[in-house]
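An overview of the molecular structure
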Amino acid sequence: LLLNIHITHHAGTTFCAAMKQIGNTPSNACNGGDDWPETVPRHRPWEYDETDRNAIELRKVYHFISWEFGIIPPIPLENVNWESPHLVSVIVMKDPIDRRLSGDGTILKMFGKEKYRSEEQWWEFAEYDGSINFMLTRLTPDRCGTEGENTTEECLETGKELLRRFTYILDVKCLDEGLEALAGELGFSLPYLNKDSGKTQVSARERIGDDELYEFILRRNQRDFELYEWSKGLSLVNCSALEDENSDSAGNGGGHEFVDENGTDDDIFTSFNETHDFDDEFSAEDYSVYNNETGSKETPDLVGEKSSQDIILVTNNNTDNNRFNNHEDVRLLQIENYKKGNALLLNIHITHHAGTTFCAAMKQIGNTPSNACNGGDDWPETVPRHRPWEYDETDRNAIELRKVYHFISWEFGIIPPIPLENVNWESPHLVSVIVMKDPIDRRLSGDGTILKMFGKEKYRSEEQWWEFAEYDGSINFMLTRLTPDRCGTEGENTTEECLETGKELLRRFTYILDVKCLDEGLEALAGELGFSLPYLNKDSGKTQVSARERIGDDELYEFILRRNQRDFELYEWSKGLSLVNCSALEEELFDDDDDNNDIINNDDDFNDSAGNDGNVL
């Protein structure tokens, strides 16, 4: 059954009208009516243990229903079994101030029509408590959003946790495109849709016409606003990328620069999961210098003597020793430029590799994009929103973003639409970091999709565990995202060549951290880049129970390990390049009498062919 969790004024009427054209829905605004089957109670929402039965029964009659919540849900929404295999859940998100301005009979009666409202009425409207953090108040079990500007971070996180459990999130800002994408996902066709519906032509600030009043309303609804901004990162369609496409039809720097053979913008759809072939302007075998002004390659004397505005370092090398020597020169220049405010810090965030923790720490140091460090409304218009970047746009984009942020993140749960090797990782204006993680620990991190497919870990049956183990969607998750041809998808048949391609990319990053001792890694990174971190909990990121113990079946564990063997080898190899050696750290904790000075890995020490230094490093 397809179910819309309809927060009042979040385009529920439009959604319902579209779904009525596809198949049967309840007669009364898709919420209920005389045709409601007697076998299903009319209350909403449902408790956990009645979700399956009710969804199965209703699907015999309807393909879609809606639950509208203008009132507070009488049962917490978190009680519903959103992971039921018989339920496809959708919520449409909306800017909270745009929602406030949607108005209804009650609002009009209390404060008059918007265009005739006096200053006194506007302030009464702003001070009205009935709509404070309207979304959070309905999404959370204890109505915690009613505290206005005093609403806690914990309340916000509770709202996020629920949103993660829904099958789809749509953004009302590009609702029609979202509905088309949903139709594509679910296998039905929609009639013609007006692509301007749901798009606010005049901003809320302009409609209110008073900056002080606008900021007052924003403060009182700040947590709702943060929830909406955060939700954009999970939305089926990226409305901001869509705007970039519409505003730059020529393809010069706009969000639609990468278009597949069907004319689809790869950056618009959050669920995009395909790679594309691109012609490389430069090869990737030896290092040389490309001069922007002359358009030719040059042999560098000392990289640091050239203006960082004039050169780009290209990843192309003839010998391994030369590669490491040049890499160290590049790294030192990148670090120096970051300290001077001339280089951007970028996390290549493989989903479930501690990106949220990394982002939270960096937000305490300086400016980052508002939406999970990945993007947001504060993103500068001069920089396209797509990721990753092509080689020849890396320098310019990094320089422009450094004027606004010190740190950004690129999260890849999907396959990168452009191979990561295309980025100019040797740019003197970019400091790159990747956090590595044991692939089976990553598989066990879980998310809404995994829970929905295989149930909660502690309640998983033997059959569900084997279905989880045989699931192809997460095989060699790292290699599949790091390599240009998704070569990791071959599972235990993944080649040595694929593994080497992944290693080649990792060598190009400025830093590698190990999630096993992430806090110590972040502290070491802070020391390298010249900033101080607040207090960090030294137990974060450390798995107390091993993956083998959590799975509880050696045969099953070994099966998963074989299918992800190349990811495991990549992770083990990466430890030799990690800024902090977690194993040495553990040894130090067990033996306080040792004077262990080898915890911080030194890039001047070269590893053996397997990537492992015989010493502790």
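Note: the structure precedes this text.
The structure presented is a predicted model; accordingly, all values stated were derived computationally and were not measured.

Looking at the packing of helix α5 (residues 119-127) against helix α10 (residues 211-220)
- At a minimum axis separation of 9 Å, α5 and α10 run at an interaxial angle of 15°. Considering the angle they form, α5 stands roughly parallel to α10. Remark: the crossing between α5 and α10 carries left-handed chirality. Judged by residue contacts, Trp122, Trp123, Phe125, Ala126 and Glu127 of α5 engage Glu212, Leu213, Phe216, Ile217 and Arg220 from α10.
- Here the residues of the contact of α5 with α10 are counted per class, giving seven nonpolar, no polar and three charged.

Digging into the nonpolar core
- Within the largest apolar cluster, 34 residues are counted, with the highest numbers of intra-cluster contacts made by Ile408, Trp425, Ile434, Leu482 and Leu506.
- When residues of this core are traced back to their parent elements, those giving at least two are β8 (344-350), α15 (391-402), β9 (407-412), β10 (430-436), α19 (477-482), α20 (496-508) and α24 (565-574).
- Counting 33 residues, the second-largest nonpolar core is a separate cluster that includes Ile7, Leu139, Cys155 and Leu162.

Concerning the sheet that holds β10
- Strand order in the open sheet made by the four strands is β9-β8-β10-β11, with parallel pairing throughout. The open sheet has two edge strands, β9 and β11 (511-514), and neither has a second partner. If you compare each strand with its neighbour and ignore which way they point, the axes differ by 25° on average.
- As paired elements, β8 and β10 share five bridges and run parallel to each other. Paired with isoleucine 348 across the bridge in β10 is isoleucine 434.
- Helix α21 (residues 518-529) rests against β8, β10 and β11 of the sheet, and its axis sits at about 155° to β11.

Structural notes on the packing of aromatic side chains
- The tally for this structure, following the rule as stated, stands at 21 aromatic pairs.
- With centroids separated by 4.8 Å and ring planes inclined at 85°, the aromatic side chains of tryptophan 425 and phenylalanine 509 adopt a geometry described as edge-to-face. In this pair, tryptophan 425 sits in the loop between β9 and β10 while phenylalanine 509 sits in the loop between α20 and β11, placing the two residues 84 residues apart along the sequence. Per residue, the accessibility class of tryptophan 425 equals that of phenylalanine 509, and both read buried.

Rules used throughout
Numbers given for residues are sequential positions, taken from 1 along each chain in its written order. Where local features are concerned, this predicted model is filtered to residues with pLDDT of at least 70; where side-chain atom pairs are given and counted, the filter is 80 or more; whole-chain, interface and lining totals use all residues. To obtain the side-chain values, all non-hydrogen atoms of the structure were included, while hydrogens and water were left out. For every element, the axis is a line fit to its C-alpha atoms; helices are fit only across the contacting stretch, and the angle between N-to-C directions ranges from 0 to 180 degrees. Starting at the N terminus, helices and strands are each numbered in turn, a helix being any DSSP run of H or I of at least four residues and a strand any DSSP run of E of at least two. Working definition: roughly parallel below 35 degrees, roughly antiparallel above 145 degrees, roughly perpendicular at 65 to 115 degrees, and oblique for all remaining angles. Two helices cross in a left-handed way if the nearer one is turned anticlockwise from the farther one by less than a right angle. They cross in a right-handed way if the turn is clockwise. Only heavy atoms matter for contacts: two residues are in contact if any of them lie within 4.5 Å across the pair. For this classification, the nonpolar set comprises Ala, Val, Leu, Ile, Met, Phe, Trp, Tyr, Cys and Pro, the charged set comprises Asp, Glu, Lys and Arg, and every other residue, Gly included, is treated as polar. To define a nonpolar core, start from buried Ala, Val, Leu, Ile, Met, Phe, Trp, Tyr and Cys residues and group those joined through side-chain atoms within 4.5 Å. Residue exposure (1.4 Å probe, protein chains only): buried if accessible area is under 20% of the type maximum, exposed if over 50%, otherwise partly exposed. Paired strands, as defined in this entry, are two strands with at least two bridges between them according to DSSP. For Phe, Tyr and Trp, where Trp contributes only its six-membered ring, two rings pair if their centres lie within 6.5 Å, and the inter-plane angle classes them as stacked under 30 degrees, edge-to-face over 60, or tilted in between.

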